Structure formats: C-alpha cells, structure tokens
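This is what each chain is made of:
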Amino acid sequence: MKVLVIGGGAREHALCRSLSLDSDVNALYCAPGNAGIAEVAELRPVDPLDGEAVARLATELRADLVVVGPEAPLVAGVADAVRAVGIPVFGPSGEAAQLEGSKAFAKDVMAAAGVPTARSYVCTTPEEVDEALDAFGAPYVVKDDGLAAGKGVVVTDDRAAARAHALGCDRVVIEEFLDGPEVSLFAITDGVTVLPLQPAQDFKRALDGDAGPNTGGMGAYSPLPWADPKLVDEVMASVLQPTVDELRHRGTPFSGLLYAGLAITSRGTRVIEFNARFGDPETQVVLARLRTPLAGVLLGSANGTLDALPPLSWREDAAVTVVIASHNYPETPRTGDPITGLADVAEQDAPHAYVLHAGTRTEGDEVVSAGGRVLSVTATGSDLAEARDRAYKAVARIGLDGSQYRTDIAAKAAESR
Ligand code: AMP
Ligand code: GLY
C-alpha cells in the first residue's frame, strides 16, 4: 500500500513511524513533513490547506490512502478534495470536521445526541456575555467559537479578563467550569463502527505543577493507572457511539479520528471538547502502545469496513512523551536554533526511547528549530516509572539553546502504582 500523510508535526512523525513499521506499507510519503519525518518517509512540498494541490499530489503518487493529520486542512475540506478524485482518505469531511471547527456546532450535536458536557451559552453581544458570566460565576470558561490552535480558551477567576476575551471574539461559548482530571480518548470510526483506542493524559499548561499559560500540550502518558477500568466502555456508550450516530443521521457522517477531551468530574464524565483528528502529543504515546499494524485500520476507516477488522491489540508497555519547546513558547517562540544530541539518543536509547520531530528543519548538516513545540521525546517501559525514566534520560542528551520542557510529565501517575 502507498500512503501519503499530510502535515508535519510530532503527531505526523508518530503516524509515519508506525506506518513505516507496517509491512503492508511499501511506499510512504509525507507532505510537507519535517527533518525527522524525512528519515522514515519521502517528503513532498505541498500547501496542506490546498485541497486541489493535495489531491493532485495523491494522484501523482498513486496513493492508496491519504491520511490528513492536522485540523486546519480537515476544516478546510482537504479530505473532501481527495475523496473527489477517488482516493481513500483517513479524515472527516469539512462539514463533519465542524465538530472541532465550531464549538457551538459541537454543543448542538452533543445536546441532540444526549452526550454529557458542560452547560453552556453561545453569545454574540456584550449583554449576552455578561448574563452568561453571571449565570455560571467563577471560575469562568470562555471559548472562541472557531479554530484557535489551542489559544481560544480562557479559564480564569478574573471576571474582567474573561469578559475581555469574550468581547475579542465574534462568537463565544461561555460554559460551566468542569472540575476533575482530564482524559483524552481517541476513537477510529468509519461513520458507523467505532473503535476506541487506549486513553491518555495530556499536560496542557506550560510549566511544572500545571502552572503557566495553556499550550498545545507539553507531554502525555498512557495507560492511566488511576482511571476506572470501565472508562472506555462507558465513554463508548455515552459519548463516542451516540456522537457518530448523530452525525450520520444528520447526513454528515464522521469518519477518521474522533477525539473526546473528557473531564472526570464528581458528577460523572463530561466532554470538554471534541477534536476531529489525532491529538498531539497523546498520539505519540497511544501509537507507541498499539500492536495492530496501523495502515489497515486507517484504510478500514477510509473505506467503511472497520466492522470486518479483528479487535485492536495493545502492548503491555506504558509510554511517556515529553515535549521540548522553543525559548518563549507559547508566546513568541524563537526559531532557527541548532539542535544537538539527536544521534546520541538514536545510538544509546533506541528502541525504547526515540525522538519525534515537531517544528524542525534541516539547514545544511544541521537540524534547527522551526516552531514552538520542537521535539516530542517518547519512551516505552514495563511501567510508567520506567518509561518516564527513559524519556527524561533521552531529553537530557538533547541540546537546544533556551529550550524548555516540563519535568513532571506522568510523575504523579507513575507514583500511583
Ligand atoms: P479546549 O480547547 O476546549 O480543550 O480547552 C482547553 C483547556 O481548557 C482544556 O484542556 C481544559 O483544561 C480547559 N477547559 C476547557 N473547558 C473547560 C471547562 N468547561 N471546565 C474546566 N476547564 C476547561
Ligand atoms: N493535545 C491536545 C490537542 O491535540 O488538541
């Protein structure tokens, strides 16, 4: 099978790594990719938001499957453009991707499907904003309705700050604060059949102890030793299957990856948000644990044949990933700094620990930083403590001037066993 992956972050590196290890895949391309992905896939330049260009590239490469990684191309309808030229694609239509593209749409789908989520108001005027803020009280949760690359949500006790964020958006969702640990649960679906993956936890704040600003995600681990073993079954029945059924009944079937961001509250599990693609950095740890070859599962989603697949198989291993971010991330990350130590990790830590590239590019013989999140150092072990240990040993070998990473990824969970 010839596979083309669209995107160029650590998530796409993780996808390409798994696909490169799959004996069903005999040619692997990534567009545009990054310096690390170039080691496992052939890179092609493309504007990932240009559906016609992606479809043309897929046709030219005679791809049997196109996998669209990030949300922006999905919301822009890139999967539709590829489907229109008759090539199977992993990823929802632009319409179905509104589940991530519009928080108000997601709330509407959840209400219709009876999916538990925070109570909310959609507001467009200052009067509506004030009313909603007062109805819920602090802590205030204010979400820009549209795609905002992780920067659209403000959670604060400061009413003035909450109000200012709300008034800076055209349309906002203001909602009840959900208390409790967060879990990311991914499911692969073809619009009818839903296959849940293993749950993971992300660390959204920039600094240790969950301090600092929200980011795209600073690290992740799986499994979750503290979670109820029935969690996946429960979320399948109360969230994933009803959402997929609702979108199908609306005539906008959702195929690809359905990401449920959940809060485990004292009153039960609630959806914080849906995403329409693999999460980053959770994908790095979930795929590290998946034993089933990936290409057949993604193709089953693209072709509507997931019901014919055997159940997914998982490794006993635990996995941890630690993100190394640029100086000044998430505000105005500095780029262009050389990265050292990558060969040392490959020599000394493989196969248990490895580096997945996010924002990197090659400059002559050097690999340099090219984005906010630069690397996602991933490791597996017999338990979280071992995986964590291996991940941080590898992190310590990497040099990147001014860079930052959290030192507490999976620390509490590793102790809880
Ligand atoms: P989102 O973009 O919707 O995932 O929001 C980003 C982060 O904001 C989430 O991971 C949560 O940590 C936090 N958040 C969002 N909605 C809520 C809520 N209703 N209650 C508490 N925290 C929230
Ligand atoms: N890890 C959060 C996200 O992918 O949106």
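Residues numbered from 1 in each chain as written. Chains lettered and ligands numbered in written order. Predicted model: local features only at pLDDT ≥ 70, side-chain atom pairs only at ≥ 80, totals over all residues. Heavy atoms only, no water.

Moving on, we come to the sheet that holds strand β9 (residues 172-175). Spatially, four strands are ordered β6-β9-β7-β8 in an open sheet, and the strand pairing comes out antiparallel. Each end of this open sheet is capped by a strand with a single partner; those strands are β6 (120-123) and β8 (153-156). Along the sheet, successive strands turn relative to each other by an average axial angle of 20°, direction set aside. Note that strand β7 (residues 140-144) and β9 share four bridges and pair antiparallel. Bridged to Val 141 within β9 is Glu 175. Most of the contacts of helix α6 (residues 103-113) go to β9, to which it runs at about 50°, and overall it touches β6, β7, β8 and β9. (Pairing = 2+ DSSP bridges. Helix = DSSP H or I, 4+ residues; strand = E, 2+ residues; numbered from the N terminus. Axes fitted to C-alpha atoms, helices over the stretch in contact; angles between N-to-C directions. Contact = heavy atoms within 4.5 Å.)

So, on to the sheet that holds strand β18 (residues 318-325). Taken in spatial order, the five strands of this open sheet run β12-β15-β18-β23-β20, and their pairing is antiparallel. Of all strands in the sheet, those with a lone pairing partner are β12 (201-202) and β20 (353-357), marking the two edges. Where β18 and strand β23 (residues 373-381) come together, eight bridges link them in antiparallel fashion. Across the sheet, the residue bridging to Val 323 is Ser 376, located in β23. Across the sheet, helix α10 (residues 282-289) is in contact with β12, β15 (219-222), β18, β20 and β23; its angle to β18 comes to roughly 150°.

Right, let's talk about unusual backbone geometry for a bit. A cis amide bond links Ser 222 to the next residue, Pro 223, at an omega of 0°. Considering the arrangement of structural elements, one finds Pro 223 in the loop between β15 and α9 (231-249). Cis rather than trans, the peptide bond between Asp 280 and Pro 281 has omega equal to 20°. Here Pro 281 is to be found in the loop between β17 (268-275) and α10. In the Ramachandran plot, Arg 62 falls in the positive-phi region, its phi being about 55° despite a non-glycine side chain. Looking at the element boundaries, Arg 62 is found in the loop between α2 (51-60) and β4 (65-68). The phi dihedral of Asp 210 is positive, around 55°, even though this residue is not glycine. For Asp 210, the position within the fold is in the loop between β13 (205-207) and β14 (211-214).

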